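Survey of secondary and tertiary structure
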Amino acid sequence: MGPSGSGKSTLLRLIAGLETPDSGRIWLNGKDRTRQEVRDRGIGFVFQHYALFKHLTVRQNIAFGLELRKVPKTRIKQRVEEMVELVQLKGWADRYPSQLSGGQRQRVALARTLAVNPQVLLLDEPFGALDAKVRKELRASLRHLHEQIDVTTVFVTHDQEEAMELADEIVVVNKGRIEQVGPPAEIYDNPATPFVMSFVGPVNVLSSSAGIFRSSFESPSSQVFLRPHDILIYTQPDLTSVSARINRIVHLGWEIEVELRLKDGQEVTAYLTREELDELQLQSQQLVYVKPRKAKAFANAA
């Protein structure tokens, strides 16, 4: 996971053998494959824009790689039907790509790649061209597929929600360098660098001189990073809270976004549940009192 231009797709191309590294080695299943030909690596590659053959049906697209490998026809037929069933396209198997939705085309691309039993599956932002609802459905399908086929999968994305939902382990990349490696909960709760905290999930970045931190948080740097859901809002002051004015309340469906201006002029965003909003009875321009539940500072933050 990382922003555009961070090197994610280049890394996939190096693993696949489509690019040659200037230094370092590519190891697959305990063997050095750095100079091995692409066709001998056992890599399956799924691209963002499907790359399906327009003149072939779903079944024919899935069978293509098997035919190139001269697999017996009876085995090809059996394997194709297995893949059609696996990606839930049984009723569309005789249709052409132009007759399918974007989500269905991506399922065909995935089935074609899985049909040849790859040792490693590489997915380069495969859901990037699809709308949010379809992406969510396909993420659930991919996770289910992965549990069934049990193949090492490297999934490239800049979508934090996508990474959190799919990954066993996340590698956060920035400007060609690895910032942090770890399971989703660790990446989110214990970010190793300012970039990771800012990139993975929403965050407020404040001056450590802000009154909200004077009594509740000691900062070793000039900046403090605070998640919106870690800001507590009260209608009455206590010894550790500071005053803030509500600029705006935004209903996002399952959560409420409250935009606040602290007494020193700094602006922060807090997230509340609908129940918390109802309990507090907040209104725009209301004076409230806030304090952090948890915040983080980095010694090297500029």
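Quick note: structure is the one above.
Residues numbered from 1 in each chain as written. Predicted model: local features only at pLDDT ≥ 70, side-chain atom pairs only at ≥ 80, totals over all residues. Heavy atoms only, no water.

1. Let's talk about the side chain of Gln106
Note on placement: Gln106 falls in helix H4 (residues 102-114). Of the polar contacts made by the side chain of Gln106, one reaches the backbone oxygen of Phe47; its length is 3.4 Å. Discounting chain neighbours no more than four positions away, the residues touching Gln106 are Val46, Phe47, Gln48, Tyr50, Pro126, Phe127 and Leu138. (Helix = DSSP H or I, 4+ residues; strand = E, 2+ residues; numbered from the N terminus. Polar contact = N/O pair within 3.5 Å; in protein donor to acceptor, adjacent residues only side chain to side chain. Contact = heavy atoms within 4.5 Å.)

2. Side note on the pattern of salt bridges
The tally for this structure, following the rule as stated, stands at 18 salt bridges. A salt bridge links Glu82 to Arg79; the shortest N-O distance between them is 3.1 Å. Here the residue Glu82 and the residue Arg79 both occupy positions in helix H3 (residues 73-86), the gap between them amounting to 3 residues, near one helical turn. Note on Glu82: relative accessible area 31%, which makes it partly exposed. Between Asp168 and Arg143 there is a salt bridge, with the nearest N and O atoms lying 2.9 Å from each other. Placement of Asp168 in the loop between helix H6 (160-166) and strand E6 (170-174) and of Arg143 in helix H5 (residues 132-149) is noted, with a sequence separation of 25 residues between them. Note on Arg143: relative accessible area 26%, which makes it partly exposed. (Salt bridge = Lys/Arg side-chain N within 4 Å of Asp/Glu carboxyl O. Buried < 20%, exposed > 50% of the residue type's maximum accessible area, 1.4 Å probe, protein only.)

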